[in-house]
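What follows is each chain in one-letter form.
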Amino acid sequence: MVSEEGTRQIQNVPHIAVEVGSPIVAFYNEIKTDIEHATVEDDPFVWGNARKTAILIIVSAGSMIAGLAVSIQNPANARIQSDLQASTSEISWTLSVFILVQGFPGLMWSAISEIKGRKFAYVSSVALFVVASAIVAVSKTIGLVIGMRALQAVGSSALLSIAAATLADIYEPHERGTKMGLYYSAPLLGPALGPVLGGVLTQGLGWRSIFWFIAICAGVVLVALVFLFKDTFRKERSLTYQNVLQRRAKKGELQCQHLDKSSHTFSATDKPVQPALESIVSPPQTGDVIVEAIGPIVAPTSCIKDINLSLADVNPFPPLLKILTRLNNLAILFASGLIFAFSYSISYTCSRTLSDYYDYDALQIGLVLLSYGIGSMCGSLFGGRWSDRTFARLKQENGGKGYAEMRLASTRPVMWFLPPAIIGYAWVCEKHVHVVAICIMLCLSGFFSTWVYASTLAYMVDANPGRSSTVVATNSAFRCVFAFVAIEVAIPIQVAIGDGYLYTLWGGIMIIMEALILAVLYKGQKWREACEEKDRRKSQQP
């Protein structure tokens, strides 16, 4: 029974008329955008903290191994080249092909996760990664190493492209900054630890041991995924399923089978998508069911369950196009790509500087680069937490109404310090000062750059509800392309103009990156809402 206060609330909300026995088309005339809070069975949002934390640990561990695989072979390159009689360019390709390939299969894994669920995508991809790593460990030719490194990249890409979407499945928006920060510290820790672990294993057991090591680690994650991971994906919260239902409803292919004509109510098996479907009244003069909703409305759970997707339905390119045609998304994708490119460039060129001018071996280089990884981890953790606090504060100041762009305000404090930190690194390297100064500037550069990145990643998920896996996969593709280009041009530019001017240039590029984020902070809501309104009008056309 609805209270008097509840009745007053209901009187002030939209009325949606649905003719009894009609197709579900009527629901779609008033679809709102809060698809993330559609009612589902076994709602991941209300799972206990222990289960959520276990999921966070599993996907973070998998992502750390995926990051580890990028750099762990670097200390072993000379031995691999000697053992397999490979050229320098072939050894370079074992790294470049991994980075380039890692970005794009994420779109495929994202589509698979929409059909089979997150767990199926994770288990399949990690199993592929384990097999590819074992084959690299026993390879006798450099060609096979390059091929299996590419296959490793395909297997690792699901962890990097779907993990953030998995966290969006289980954590409310006000928690995501902190959890994204915790998660993202793992794939940052991997590349930082890689040279250290690679150096120790190569010197002690030979270069093949590093690939057996990551195969075993990935195997442990695979076992955890099979036995401890519970699938977080829910069809009702997927725009892919909602759009398919809408198209089929408009064509008259789908009826709402669970409307009870005699009582003019939903049957008990057909839960409305929002708990706020409080009152259903039947006026005698119309014979219609009047659904009064206090909140967003999407299709009923029972109708979603009856849908079987085809390959055409999960084609990743239409949603990818929607993401890329929104100016707010494109600006943040470029910004995050530039941050990621800088991260790979500084790790790659610093190794060469330490080797050539400080005469450091692989283990010493790895320990110095660990300072960048530690700074990045701290930036991710603190930046994510500050992102949540900023979002909560601005939402409260706005009368309890929040929007995605509020999260980007948390990046402003560190924007003043990131370019100077990078330029400082440039000239301590150029002047070959004591290595402690390099470690300090590496740590600061990693801290400030990752603080910014943590907020941009959370923003992309918040600004694209219902498309979290696709948008994170798109972000992964962008950042890997940017990283590939950065690695390919870094050494030639370093040789030509030196560390000083190279990273002064990077300081200028980071100012451009910051300008893109500020543009989205102040104009992004207007851009996003204009695109959403355009999509809404288009969806209502017959």
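Since we're looking at a predicted model, the values are computed, not measured.

> Would you take a moment to explain the overall build of the protein for this structure?
The secondary structure content of the protein amounts to 19 helices and 5 strands. For the protein, the residues scored as buried account for 56% of the 542 residues in total. A sequence separation of at least 24 residues applies to 83% of the contacts in the protein between residues at least 6 apart. For the protein, the accessible area works out to roughly 22400 Å², and carbon and sulfur atoms hold 63% of it.

> It is not clear to me how the side chain of Arg149 should be interpreted in this structure. Could you clarify?
With respect to the secondary-structure elements, Arg149 resides in helix 8 (residues 142-170). Buried within the structure, Arg149 lacks any salt-bridge partner; Glu488 is the closest side chain of opposite charge, at an N-O distance of 12 Å. Beyond its immediate chain neighbours, meaning those up to four positions away, Arg149 contacts Ala69, Val70, Gln73, Thr94, Val97, Phe98, Val136 and Phe211.

> Looking at this model, I keep getting lost on the state of the cysteines. Mind explaining?
A covalent bond between the sulfur atoms of two cysteines is referred to as a disulfide. The full count for this structure, using the stated rule, is 0 disulfides. Here Cys439 is not cross-linked by a disulfide; its sulfur's nearest cysteine counterpart is in Cys350, at 8.1 Å. A residue is classified by how much of its surface remains accessible, and Cys439, at 21% relative accessible area, is partly exposed.

> Can you walk me through helix 10 (residues 208-227) in this structure?
Quick reminder: α-helices carry 3.6 residues per turn. Residues three or four places apart thus point the same way. Its 20 residues give helix 10 an end-to-end C-alpha distance of 29 Å, which sits within 8% of 28 Å, the value for a rise of 1.5 Å per residue. Buried residues of helix 10: Ser209, Ile210, Phe211, Ile214, Ala215, Ala218, Gly219, Val221, Leu222, Ala224 and Leu225, and no others. Along its buried surface, helix 10 packs onto helix 3 (49-71), helix 4 (77-83), helix 7 (118-137), helix 8 and helix 9 (173-205).

> Which parts of the structure should I look at to understand the side chain of Ser157?
Among the secondary structure elements, Ser157 is positioned in helix 8. Residue classification places Ser157 among the buried positions, given a relative accessible area of 0%. In this view, Ser157 contacts Gln102, Pro105, Gly106 and Trp109; residues no more than four positions away in its chain are not counted.

> I'm lost on the nonpolar core in this one. Help?
Proteins that are soluble and globular tend to have nonpolar side chains buried together. With 121 residues, the main nonpolar core has Tyr425, Ile438, Tyr503, Trp506 and Met513 as its most contacted residues. With 16 residues, the single largest contributor to this core is helix 19 (residues 468-540). Among residues more than four places away in sequence, those in contact with Ile438 are Cys350, Leu354, Tyr358, Val368, Tyr425, Val428 and Cys429.

> It is not clear to me how the packing of helix 7 against helix 8 should be interpreted in this structure. Could you clarify?
The axes of two packed helices give the description: the angle between them and the distance between them. Close contact between helix 7 and helix 8 brings their axes to 8 Å; oriented N to C, the two are set at 155 degrees. Here helix 7 is positioned roughly antiparallel relative to helix 8, judged by the angle of their axes. Crossing of helix 7 against helix 8: the hand is left-handed.

> Before we go on, may I ask you to explain helix 7 in this structure?
Under the 1.5 Å per step criterion, the end-to-end length of helix 7 is 29 Å for 20 residues, consistent within 8% with the ideal 28 Å. Those residues of helix 7 lying buried are Arg118, Ala121, Tyr122, Ser125, Val126, Phe129, Val130, Ala132, Ser133, Val136 and Ala137.

> What should I look at first to understand a nonpolar patch on the surface in this one?
Together, Val138, Trp212, Ile216 and Val220 make up an exposed nonpolar region whose accessible area comes to about 410 Å². Locating Val138 in the fold gives a position in the loop between helix 7 and helix 8. For Val138, a relative accessible area of 47% gives the class partly exposed.

> Before we go on, may I ask you to explain the packing of helix 6 (residues 105-116) against helix 8 in this structure?
Two elements in contact, helix 6 and helix 8, have axes separated by 8 Å at closest approach and are oriented at 65 degrees. Taken together, the axis directions place helix 6 and helix 8 in an arrangement best described as roughly perpendicular. The crossing of helix 6 and helix 8 is right-handed. Contact residues: Pro105, Gly106, Met108, Trp109, Ser110 and Ser113 in helix 6; Val154, Ser157, Ala158, Ser161 and Ile162 in helix 8.

> I'm lost on the packing of aromatic side chains in this one. Help?
Centre-to-centre distance and the angle between the planes together describe a pair of aromatic rings. Scanning the model with the defined rule gives 14 aromatic pairs in all. Relative to Phe482, the ring of Phe478 lies with its centre 6.3 Å away and its plane at 25 degrees, an arrangement referred to as stacked. With Phe478 and Phe482 both in helix 19 and 4 residues apart, the pair spans about one turn of that helix. Grouping residues by exposure puts Phe478 and Phe482 together as buried. By the ring-pair criterion, three or more aromatic residues cluster together here, those being Phe342, Tyr425, Tyr503 and Trp506. The residue whose ring lies beneath Arg51 is Trp47, and the NZ or CZ to ring-centre distance is 5.0 Å. One residue, Arg407, lies across the ring of Phe391, its end atom 5.0 Å from the ring centre.

> Looking at this model, I keep getting lost on the confidence of the model for the protein. Mind explaining?
Atom-level detail of predicted coordinates should not be read off regions where pLDDT is low. Per-residue confidence for the protein gives a mean pLDDT of 77, with 76% of residues at or over 70. Of all secondary-structure elements in the protein, the lowest mean pLDDT belongs to strand 4 (residues 277-281), at 32, while helix 17 (residues 418-430) reaches the highest, 94. Here residues 1-33 is a poorly scored stretch, pLDDT under 50, and it has 71 contacts once near neighbours within four places are set aside; other chains count. Segment residues 255-297 is flagged for pLDDT under 50; beyond a separation of four residues in sequence, or across chains, it makes 107 contacts in the model.

> Sorry if this is basic, but what is going on with unusual backbone geometry here?
Among all residues save glycine, negative phi is the norm, and among peptide bonds the norm is trans. A positive phi is found at Gln85, a non-glycine position, where the angle reads about 55 degrees. Relative to the elements of secondary structure, Gln85 occurs in the loop between helix 4 and helix 5 (88-103). Residue Gln85 is classed as exposed on the basis of its relative accessible area of 73%. Positive phi, normally seen in glycine, also occurs at His432, with a value near 55 degrees. Structurally, His432 can be placed in the loop between helix 17 and helix 18 (435-462).

Cut-offs and rules
- Every chain is numbered on its own, with residues counted from 1 as its sequence reads.
- Totals for whole chains, interfaces and linings use all residues, but because this is a predicted model, local features are given only for residues with pLDDT of at least 70 and pairs of side-chain atoms are given and counted only at 80 or more.
- Each side-chain value is worked out from all heavy atoms of the structure, with water and hydrogens disregarded.
- By the criteria applied, helices consist of DSSP H or I runs no shorter than four residues and strands consist of E runs no shorter than two, each listed in order from the N terminus.
- The buried label applies to any residue whose accessible area, calculated with a 1.4 Å probe on protein chains only, is under 20% of its type's maximum; exposed applies above 50%, and partly exposed to all values in between.
- In this analysis, two residues are considered to be in contact whenever any of their non-hydrogen atoms come within 4.5 Å of each other.
- Exposure was quantified through the Shrake-Rupley algorithm and a 1.4 Å probe, taking into account, for residues, occlusion by the shown protein chains and nothing else.
- The positive count covers Lys and Arg only, the negative count covers Asp and Glu only, and His and the chain ends enter neither.
- When a carboxyl oxygen of Asp or Glu is within 4 Å of a side-chain nitrogen of Lys or Arg, the pair counts as a salt bridge.
- The criterion for a disulfide is a pair of cysteine sulfur atoms lying within 2.5 Å.
- Expected helix span is given by 1.5 Å per residue-to-residue step, counting one fewer step than there are residues.
- What we call a nonpolar core is a set of buried Ala, Val, Leu, Ile, Met, Phe, Trp, Tyr and Cys residues that are connected through their side-chain atoms within 4.5 Å.
- Only C-alpha atoms enter the line fits that serve as axes; for helices the fit covers just the stretch in contact. Angles between N-to-C directions range over 0 to 180 degrees.
- Between 65 and 115 degrees an angle is taken as roughly perpendicular, under 35 as roughly parallel, over 145 as roughly antiparallel, and anywhere else as oblique.
- Should the near helix be turned anticlockwise from the far one by less than a right angle, the crossing is left-handed, and should it be turned clockwise, the crossing is right-handed.
- Like-charged residues are merged into a patch within 9 Å and nonpolar side chains (Val, Leu, Ile, Met, Phe, Trp, Tyr) within 5 Å, provided each residue has over 30% relative accessible area and no salt bridge.
- Each pair of aromatic rings taken from Phe, Tyr and Trp, with Trp reduced to its six-membered ring, is defined by centres within 6.5 Å and is described as stacked if the planes are under 30 degrees apart, edge-to-face if over 60, and tilted in the remaining cases.
- Charge-over-ring contacts are defined here by two conditions on Lys NZ or Arg CZ: a distance within 6 Å of the ring centre and an angle within 35 degrees of the ring normal.
- As a per-residue measure, pLDDT reflects the predictor's confidence and takes values from 0 up to 100.

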